[in-house]
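# An overview of the molecular structure
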Amino acid sequence: MRKLGALRRTVLLVVVVLIFAILMGVSLWRIQGLQRTLSQPIPENILWAASQLELEMKATILALDAVFLVDEDRLAGETVESLSEDLQLQYDILWSRVSLFQSGTLREAVRDTPEAGATVDAIADLLVAFDPAIAQLPDVDEGRLTALLNELSVLADSVRSLTVTALHTDRKQRRSLREDAERAVYYGALAGLGMMLFGALLVVGLVRSERKLRKSLEVANEARIEAEKATAAKSAFLAMMSHELRTPMNGVLGALGLVSESKLGEQQRSLVDVARG
């Protein structure tokens, strides 16, 4: 029964250690996941990219408005050529912002929301369609610029929705990161507490084993002392008995020796010789 109880305690201890080792492994795995998520480069942040796209969209619309407003009374000192260059530059910047959503993790994030993906695709198609007209500035049909302005104005609200969606996505990601961090801390704390408990149980087990060993040594020492006492008593008893027997026997042997020296018959001498051994 004692062996069975010790085996059960050992198995239970091993199971507890495995459980807390698994918790520690899960905690480390979540921490590594957080590190990988936080190591993503800033340009891949969807909120930053969406807000930049919205700003550059508005800047492009303003640049188109400026081209239509050029006259001596309303924009003194401005020329069609300089405004056209500004519009071309702004158009290229807008292209660069749209291209951010056409590759990498931003593309994957946008494709997760059909409306956002449709908005980005519509802007990209629009820029492709009007790219030849922008390249011909300032010698371009005003109707083409007007159509581009109208199309961009219509898509501006969709871009705003994209920014709002990105904001919600960013908040969701931050909340997910916070929850992952809290879970990692929770699992780590639980694993640490378990290891402390295991250490305490180990110390208690060692103390109990040490006490049992000390008690066993005390019992063995007492048994050794009792055995030594018994051996000494046996030796003393044998010595005493040897002395008590040897003294009278010496007298008997001496008397037999005297008797053997006297005149004895043949049969009597034979009996004396037998008695003397």
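Residues numbered from 1 in each chain as written. Predicted model: local features only at pLDDT ≥ 70, side-chain atom pairs only at ≥ 80, totals over all residues. Heavy atoms only, no water.

### Points about the environment of Ala63
Applied cut-off: Comment: elements are numbered from the N terminus, with helices defined as DSSP H or I runs of at least four residues and strands as E runs of at least two. We call two residues contacting when some pair of their heavy atoms lies within 4.5 Å.
Among the secondary structure elements, Ala63 is positioned in helix H2 (residues 46–68). Once the C-alpha coordinates of Ala63 and Leu87 are considered, the two residues, 24 residues apart in sequence, prove to be 5.4 Å apart. When neighbours within four sequence positions are excluded, Ala63 is seen to be in contact with Leu87 and Gln90.

### Structural notes on a negative patch on the surface
What counts, and what does not: In this analysis, a patch consists of residues with relative accessible area above 30% that form no salt bridge, clustered at 9 Å for like charges and at 5 Å for the nonpolar side chains Val, Leu, Ile, Met, Phe, Trp and Tyr. In this description, accessible areas are obtained by the Shrake-Rupley approach with a 1.4 Å probe, and a residue is regarded as covered only by the protein chains that are shown. One side-chain nitrogen of Lys or Arg within 4 Å of one carboxyl oxygen of Asp or Glu is enough to make a salt bridge. For the purpose of counting charges, residues Lys and Arg are taken to be positive, whereas Asp and Glu are taken to be negative. His and the chain ends are not included. The location of each charge is read from NZ of Lys, CZ of Arg, CG of Asp or CD of Glu. Exposure categories follow from relative accessible area, calculated using a 1.4 Å probe and restricted to protein chains: below 20% of the type maximum is buried, above 50% is exposed, and the middle band is partly exposed.
A grouping of Glu81, Glu85, Asp86 and Asp139 is seen on the molecular surface, where their side chains present a negatively charged patch. You can see Glu85 is positioned in helix H3 (residues 80–100). Owing to a relative accessible area of 54%, Glu85 belongs among the exposed residues under this scheme.

### Looking at helix H5 (residues 114–135)
Just so we agree on the cut-off: Helix span, as expected, comes to 1.5 Å for every residue beyond the first. The seven residues ending at a residue and the seven starting there each receive a fitted axis; the angle between those axes is the bend at that residue.
Taking 1.5 Å per residue, 22 residues should reach 32 Å; H5 reaches 31 Å between its end C-alpha atoms and fits that length. The largest bend in H5 comes to about 40°, at Ala129, with the proline Pro132 one to four residues further on. Within H5 the residues assigned to the buried category are Ala116, Gly117, Thr119, Val120, Ile123, Ala124, Leu126, Leu127, Phe130, Ala133 and Ile134.

### Brief notes about the pattern of salt bridges
Inspection of the entire model under this criterion finds four salt bridges. Notably, a salt bridge pairs Lys58 with Glu54, separated by 3.5 Å at the nearest N-O pair. Taken together, the residues Lys58 and Glu54, both in helix H2 and four residues apart, mark about one turn of the helix. Of the residues examined, Lys58 reaches a relative accessible area of 47% and is grouped as partly exposed. A relative accessible area of 7% places Glu54 in the buried class. Close ionic contact of Arg214 with Glu210 constitutes a salt bridge, the shortest N to O distance being 2.4 Å. On the criterion of helical spacing, the pair formed by Arg214 and Glu210 is a turn pair, its members being four residues apart in helix H6 (residues 142–261). Judged by relative accessible area, Glu210 falls into the partly exposed class, the value being 35%. Sharing partners across several salt bridges, the network here consists of Glu54, Lys58 and Arg160.

### Describing a nonpolar patch on the surface
Where nonpolar side chains cluster on the molecular surface, the patch consists of Phe237, Leu238, Met240, Met241 and Leu245 and spans about 480 Å² of accessible area. The residue Leu238 is located in helix H6 in this model. Of the residues examined, Leu238 reaches a relative accessible area of 49% and is grouped as partly exposed.

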